[in-house]
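# Topology and contacts: notes
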Amino acid sequence: MARKWSIGSGRLGQIKTAYTSTRETDPRVGLLTAGSGLGVFVVALGVGFAVGQPVYLGILGFFLGALAASFVFGRRAERAAYARIEGQPGAAAAALQTLRKGWTLTPAVAVDRQQNVVHRVVGRAGIVLVGEGQTSRVAALMTTERRRMARFLPDVPTHEVLAGNAEGAVTLRRLPGHVTRLPRALTPAQVSEVNRKLKALGAMNLPIPKGPLPRGMRAPRGPAGR
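Summarised in this report is the structure supplied together with it.

The mixed open sheet is built from four strands, whose spatial order is β1-β2-β3-β4. Only two strands of the sheet have a single neighbouring strand rather than two, namely β1 (104-111) and β4 (158-163). Put simply, the sheet's adjacent strands are angled 25 degrees from each other on average, direction ignored. Sheet analysis places strand β2 (residues 117-123) next to strand β3 (residues 126-132), joined by seven bridges and oriented antiparallel. The residue bridging valine 118 from the neighbouring strand is glycine 131, located in β3.

Now for the pairing of β1. Alignment of β1 against β2, held across five bridges, turns out to be antiparallel. Bridging from a neighbouring strand, threonine 106 pairs with arginine 120 of β2. Between β1 and β2, which pair antiparallel and follow one another directly, the connecting turn spans five residues, one of which, glutamine 115, has a positive phi of 65 degrees.

So, how was this worked out
Residues numbered from 1 in each chain as written. Predicted model: local features only at pLDDT ≥ 70, side-chain atom pairs only at ≥ 80, totals over all residues. Heavy atoms only, no water. Pairing = 2+ DSSP bridges. Helix = DSSP H or I, 4+ residues; strand = E, 2+ residues; numbered from the N terminus. Axes fitted to C-alpha atoms, helices over the stretch in contact; angles between N-to-C directions.

Put into structure tokens, the structure is as follows:
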């Protein structure tokens, strides 16, 4: 019994935290959530009185109202969460972390001094490069990264997506859905192989520290045959 209470208390704590955080950017969230739930309940109860089944439809309306309130709160909490991170460096990576299983995110595969960033996502659609920052600079970063990917993975489709509110860009809220709707071109086995090759490529490109090497340590050699 104590364990069940602990689990329930934890769940209520999460809801309270989410509500408090959402209300900071959306002061009407409580009113709209309660109003949607109460509205559904009142309609269902009114129909129940009209057809002579107030108890049955009242109970049904209660559960439908709770469902409606939960849906409204979830949507507004999601919108508030994106509003809080919008415009901050790495916001696109935070949005991409909500992608479902089957996608592999590698944040900041390319960055410049102006904090323009390109993130890489790998999934059934192939390689997706997601850039955020100044449009022209991000476009140049994505082009460079796409050409680099084409040298090592020439047969894997590569997509470029600009995240943000600029013309032609995809907003943070719609970014995960936009990525998942890209046409599928790879099998799950091919996705795993692409991830393996990219991981090996990343290990090969590790930077060598500047300055003299510690005694007894040798500089890494390049791949055999090069």
